[in-house]
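# Chain and residue survey
Here are the chains, one letter per residue:
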Amino acid sequence: RKSNKQVFSKWKIKMKKILITGASGFVGSYLIPKLLENKYKVIIISRSPKLISKTYGKAVIACTVEDEEIISKFSPNIAINLATYSSSSDDLESQNQMIDANIVFLSRLLNVLKSSKNLLFINTGTFAEYFSNNSELDPAYFYSATKIAGRYLIKYYSKNYSFKTAHVIPYSLYGPKDARKKLIHFLTDSLNSKVPIKTTKGEQTLDFIYIKDLIDLYLRIIENSDLIKDGIEFKGGTGIGTSIKDLVGVIEKVTNKTANIEWGSLPYRKRDIMLATGSCKNAETVLNWKAKYTLEE
């Protein structure tokens, strides 16, 4: 028989109301079904609320960031910002899109949420905010520079309007149903390619984390929101570094195929990250979370 305390705790978790941005992205497509499965109430802010409604029906409330009255009436106590725009290009058009999504939209969202009571704002960053793979914020790319700028906007609003913040830093994310091609996809494509895939020397060592592990991290934060200290950062990684060349070795081993890659045919980017592994100490200590899936699995 469960105690009253256990029953109340479970009730309190299920009654949490969660606001999500970036629903159509890779993480959002996995996270939202899990939130609904756990009986959370969900409101999704999107540029295309009709498309969201078509996907999830009446299970969620869908609106735009301009629908302040709807958002205010919903009164979320947790907001998860997954909305972002990233690009490896530094051309003006790409920069404008990154500024619009990662700074302008974020500012509008924070302005809408500033009167929310007992709010936990969970921001999603990038490992590219740490060029030297340490605790110093140092953007490797224009994209990560906009994400760092967004951190200071969040800090400004949280201090002025008294809500808690937490930052999730995903490392090199992979898994099925990712609509946007990443490095791991290009390497896998090389297995069936008659033409060699051009790439760098492959010396970069990255931390590859499976999508279900990252989703579990978000869920642990939600479940333990009362324990979260303002400004805490949770790095979503395995703590294990794998070079690009070693990754190809894993892919070849599990598929029993040979990759067709022209190593060293492309130069490294000007500030290419050569080492990025996540220290998951905060997640382990506060949330009892650790990545479960190995790269081979």
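Coordinates for the structure precede this section.
Residues numbered from 1 in each chain as written. Predicted model: local features only at pLDDT ≥ 70, side-chain atom pairs only at ≥ 80, totals over all residues. Heavy atoms only, no water.

Moving on, we get to the packing of helix H5 (residues 92-113) against helix H6 (residues 142-161). Look at H5 against H6: their axes get within 10 Å of each other, and the N-to-C directions meet at 15°. The angle between H5 and H6 falls in the class roughly parallel. Crossing of H5 against H6: the hand is right-handed. For the pair H5 and H6, the contacting residues are Gln95, Met98, Ile99, Asn102, Ile103, Leu106, Ser107, Leu110 and Asn111 in the first and Phe142, Tyr143, Thr146, Lys147, Ala149, Gly150, Leu153, Ile154 and Tyr157 in the second. (Axes fitted to C-alpha atoms, helices over the stretch in contact; angles between N-to-C directions. Helix = DSSP H or I, 4+ residues; strand = E, 2+ residues; numbered from the N terminus. Parallel < 35°, antiparallel > 145°, perpendicular 65-115°, else oblique. Left-handed = near helix turned anticlockwise from the far one by under 90°. Contact = heavy atoms within 4.5 Å.)

Here we take up the nonpolar core. Formed by 61 residues in total, the largest nonpolar core has its most connected members in Ile20 and Ile80. In terms of residues, this core owes the most to one element, helix H8 (residues 211-223), which gives eight residues. Contact partners of isoleucine 80, with chain neighbours within four places excluded, come to Ile18, Leu19, Ile20, Thr21, Leu31, Ile122, Tyr218 and Ile222. Core analysis: the next-biggest nonpolar cluster, separate from the first, contains 20 residues, Val65, Ala79, Leu110 and Ile154 among them. (Core = buried A, V, L, I, M, F, W, Y, C linked by side-chain atoms within 4.5 Å. Buried < 20%, exposed > 50% of the residue type's maximum accessible area, 1.4 Å probe, protein only.)

Okay, the pairing of strand E6 (residues 164-170) next. E6 sits mainly inside the fold: six of its seven residues count as buried. Direction of pairing for strand E5 (residues 120-124) relative to E6: parallel, over a ladder of five bridges. Its bridge partner being in E6, phenylalanine 121 is matched across the sheet by threonine 165. For the crossover from E5 across H6 to E6, the handedness is right-handed. Pairing of E6 with strand E11 (residues 232-236) involves five bridges; the strand directions are parallel. By the bridge assignment for E11, histidine 167 is matched with glutamate 233. (Pairing = 2+ DSSP bridges. Right-handed = clockwise from strand over helix to strand, strands pointing away.)

Here we take up the sheet that holds strand E4 (residues 78-81). Overall, parallel pairing links the seven strands, which are arranged E3-E2-E1-E4-E5-E6-E11 in an open sheet. Taken across any chain shown, the strands that pair with only one partner, and hence form the sheet edges, are strand E3 (61-63) and E11. Ignoring which end each strand starts from, the neighbouring axes of this sheet average 20° apart. With four bridges joining them, strand E1 (residues 17-21) and E4 adopt parallel strand pairing. Residue pairing across strands places leucine 19 opposite alanine 79, the latter belonging to E4. Running at roughly 165° to E1, helix H2 (residues 26-37) makes contact with E1, strand E2 (41-45) and E4 of the sheet.

Where H2 contacts H8, the axes come no closer than 10 Å and their chain directions differ by 50°. Classified by the angle between their axes, H2 and H8 sit oblique to one another. The two elements H2 and H8 meet at a crossing, and its hand is right-handed. Along the contact surface, H2 presents Phe26, Val27, Tyr30, Leu31, Lys34 and Leu35, while H8 presents Ile211, Leu214, Ile215, Tyr218, Leu219 and Ile222. Looking at the contact of H2 with H8, its residues break down into eleven nonpolar, no polar and one charged. (Nonpolar A, V, L, I, M, F, W, Y, C, P; charged D, E, K, R; others polar.)

The strand order across the open sheet formed by three strands is E12-E9-E14, and the pairing between neighbours is mixed. Edge positions in the open sheet fall to strand E12 (242-243) and strand E14 (275-276), since each of these has one partner strand only. Pairing analysis gives two bridges linking strand E9 (residues 205-206) to E12, with the strands arranged antiparallel. When the sheet's bridge partners are listed, leucine 206 is paired in E12 with threonine 242.

Pairing between side chains of opposite charge can happen when the charged atoms of each approach one another. With the rule as written, the count across this model stands at eleven salt bridges. Close ionic contact of lysine 34 with glutamate 37 constitutes a salt bridge, the shortest N to O distance being 3.6 Å. With lysine 34 and glutamate 37 both in helix H2, this residue pair falls three residues apart, about one helical turn. What makes glutamate 37 exposed here is its relative accessible area of 51%. (Salt bridge = Lys/Arg side-chain N within 4 Å of Asp/Glu carboxyl O.)

This brings us to the side chain of histidine 167. If you trace the backbone, histidine 167 turns up in strand E6. Residue class for histidine 167 comes out buried when judged on its relative accessible area of 7%. A polar atom in the side chain of histidine 167 sits 3.3 Å from the side chain of asparagine 123. Excluding residues that lie within four positions of it along the chain, histidine 167 makes contacts with Asn123, Arg151, Ile154, Gly231, Ile232, Glu233 and Phe234. (Polar contact = N/O pair within 3.5 Å; in protein donor to acceptor, adjacent residues only side chain to side chain.)

From the geometry alone we can't say anything about function, so treat these as descriptive.
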